[in-house]
Amino acid sequence: MTAPAPAPTRPRPRSATLDRATAYRLAATEYERMLALLRDLDPADWSRPTDCPGWDVRAMAAHVLGMAEMAASVREMARQNRLAGKAGGGIDALTGVQVRAHADQDGPAIVAALEATAPRAVRGRRRLSRVAGRATLPEEQVNGAIREYWRIGFLLDVVLTRDVWMHRIDVCRASGREPELTPGHDGVLVADVVAEWAQRHGRPYGLSLTGPAGGQWSSGTGGERLELDAVEFCRVLSGRGSGSGLLGQLVPF
């Protein structure tokens, strides 16, 4: 009698590697830097197109606000997810809900709402991560060719901060401004991206990233050697730029 083949096992869901204190220091600082950037925009900047198709700067800021509102309140999280489910589900449906919710607000109104919401978003994310961070999100997460499951803590502690950071870069590019970058903030965030990127591709490499958020990393011998700007490295890994070889390995933002 032939024994039945074992059922395939689902890979362990992805977890945050940053400790919670560092994760929420980065989160608080990133909201502050995004707000400083948005306050500095000229009226014409709000309608400039961004690297996200279909979004101008105002729509991008509306998404950042909507995501912060979702993080600040479990009730709002449930409401947005319910509406996104009715719209087909997935991240595009969710961000669409967020942008539409603030379609009648101009830039200064979005800034004022984000000023009030950001501190609550940090507290809400930290609280939910502490309570439910080890639980797994029910939906499979899709990022390019990557299909995987995440722990709630990975979303709250890591991805939601990367999201604001990348959109801050998007707004800077759209408005012609230089992003504020420091080793103690952006460098820590980029180093976490590098560690995840290296774990995902699992091959030897040498990496030199330039700029205030940069550094040098390597693993093994004989691997691909890369040198580029730290922000551009993250843009490529987010899918905003094209990359071949190891730079084709996407990381969620």
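Structure's up top.
Below you will find a few notes about this structure.

1. Digging into the overall build of the chain
Stage number 1. Secondary structure assignment for the chain yields 8 helices and 5 strands.
Stage number 2. Going from N to C terminus, the chain has its helices and strands arranged as α-α-α-α-α-β-β-α-α-β-β-β-α.
Stage number 3. On C-alpha atoms alone, the chain measures out to a radius of gyration of 19 Å, which is about the 18 Å that the 2.2 N^0.38 rule sets for 253 residues.
Stage number 4. If one aligns the C-alpha atoms of the chain with their principal axes, the spans along those axes are about 70 × 45 × 35 Å.
Stage number 5. Here the chain holds 253 residues, and the buried ones make up 51% of them.
Stage number 6. Within the chain, contacts between residues separated by at least 24 positions form 63% of all contacts whose residues are at least 6 apart in sequence.
Stage number 7. For the chain, the computed accessible surface area is about 12,500 Å², with 52% contributed by carbon and sulfur atoms.

2. A word on the environment of Gly239
Stage number 1. When you line up the elements, Gly239 lands in the segment after helix 8 (230-237).
Stage number 2. Among the residues examined, Gly239 registers a relative accessible area of 48% and is labelled partly exposed.
Stage number 3. Along the sequence, Gly239 and Leu250 sit 11 residues apart, while their C-alpha atoms lie 6.7 Å from each other.

3. Description of the layout of surface pockets
Stage number 1. Looking at the largest pocket, its volume works out to about 1,400 Å³.
Stage number 2. Forming the boundary of the largest pocket are 43 residues, of which Gly90, Ile91, Asp92, Thr95 and Gln141 lie nearest the centre.
Stage number 3. Looking at the lining of the largest pocket element by element, the count peaks at 8 residues for helix 6 (residues 152-175).
Stage number 4. A class-by-class count of the residues in the lining of the largest pocket yields 24 nonpolar, 12 polar and 7 charged.
Stage number 5. Looking at the second largest pocket, its volume works out to about 160 Å³.
Stage number 6. For the second largest pocket, the full set of lining residues is Ser15, Ala16, Leu18, Asp19, Arg20, Ser129, Gly133, Arg134, Arg151, Gly153, Phe154 and Asp157.
Stage number 7. The biggest single contributor to the lining of the second largest pocket is helix 6, with 3 residues.
Stage number 8. Looking at side-chain class alone, the lining of the second largest pocket contains 3 nonpolar, 4 polar and 5 charged residues.

4. Some points on the pattern of salt bridges
Stage number 1. Applying the stated criterion to the full structure yields 20 salt bridges.
Stage number 2. Across the salt bridge formed by Arg168 and Glu30, the nearest N and O atoms sit 2.5 Å from each other. Placement of the pair is Arg168 in helix 6 and Glu30 in helix 1 (residues 20-39), with a sequence separation of 138 residues. Taken as a pair, Arg168 and Glu30 share a single burial class, namely buried.
Stage number 3. When the shortest N-O distance is used, the salt bridge between Arg39 and Glu115 registers 2.7 Å. Here Arg39, found in helix 1, pairs with Glu115, found in helix 5 (residues 107-132); they are 76 residues apart in sequence, far enough to count as distant.
Stage number 4. Arg39 gets classed as partly exposed once you look at its relative accessible area, which sits at 48%.

5. Looking at empty space enclosed by the protein
Stage number 1. Inspection of the entire model under this criterion finds 1 cavity of 30 Å³ or more.
Stage number 2. Estimated volume of the largest cavity: approximately 40 Å³.
Stage number 3. Looking at the largest cavity, the residues that line it are Leu18, Leu26, Asp157, Val158, Thr161, Arg162, Leu189 and Asp192.
Stage number 4. By residue number, the principal contributor to the lining of the largest cavity is helix 6, which donates 4 residues.
Stage number 5. Its residues placed into classes, the lining of the largest cavity shows 4 nonpolar, 1 polar and 3 charged.

6. Side note on the sheet that holds strand 4 (residues 215-219)
Stage number 1. Here we have 3 strands laid out as an open sheet, ordered 4-3-5, and mixed in their pairing. The two strands at the open ends of the sheet, each matched to only one other strand, are strand 4 and strand 5 (224-229). Strand-to-strand twist across the sheet, computed as the mean angle between neighbouring axes with direction ignored, equals 10°.
Stage number 2. Against the sheet, helix 7 (residues 183-201) contacts strand 3 (205-210), strand 4 and strand 5, and its axis sits at roughly 160° relative to strand 3.
Stage number 3. Across the sheet, helix 8 lies against strand 3 and strand 5, angled at about 110° from strand 5, the strand it touches most.

7. Thoughts on a positive patch on the surface
Stage number 1. A grouping of Arg20, Arg120, Arg123, Arg126, Arg127 and Arg130 is seen on the molecular surface, where their side chains present a positively charged patch.
Stage number 2. Among the elements that line the positive patch, the one with the most residues is helix 5, at 5 residues.
Stage number 3. As for its placement among the helices and strands, Arg127 is situated in helix 5.
Stage number 4. Residue Arg127 is classed as partly exposed on the basis of its relative accessible area, which comes to 45%.

Definitions and cut-offs
Residues numbered from 1 in each chain as written. Predicted model: local features only at pLDDT ≥ 70, side-chain atom pairs only at ≥ 80, totals over all residues. Heavy atoms only, no water. Helix = DSSP H or I, 4+ residues; strand = E, 2+ residues; numbered from the N terminus. Rg over C-alpha atoms; globule rule 2.2 N^0.38 Å. Buried < 20%, exposed > 50% of the residue type's maximum accessible area, 1.4 Å probe, protein only. Contact = heavy atoms within 4.5 Å. Areas by Shrake-Rupley, 256 points an atom, 1.4 Å probe, with all protein chains shown as cover. 1 Å grid on protein atoms, 1.4 Å probe; cavity = no way out; pocket = protein on both sides within 12 Å on 5 of 7 lines; lining within 4 Å. Points joined across faces, edges and corners; volume = space filled by probe spheres on them. Nonpolar A, V, L, I, M, F, W, Y, C, P; charged D, E, K, R; others polar. Salt bridge = Lys/Arg side-chain N within 4 Å of Asp/Glu carboxyl O. Pairing = 2+ DSSP bridges. Axes fitted to C-alpha atoms, helices over the stretch in contact; angles between N-to-C directions. Patch = residues over 30% accessible without salt bridge, like charges linked within 9 Å, V, L, I, M, F, W, Y side chains within 5 Å. Lys, Arg positive; Asp, Glu negative; His and termini not counted. Charge placed at Lys NZ, Arg CZ, Asp CG, Glu CD.

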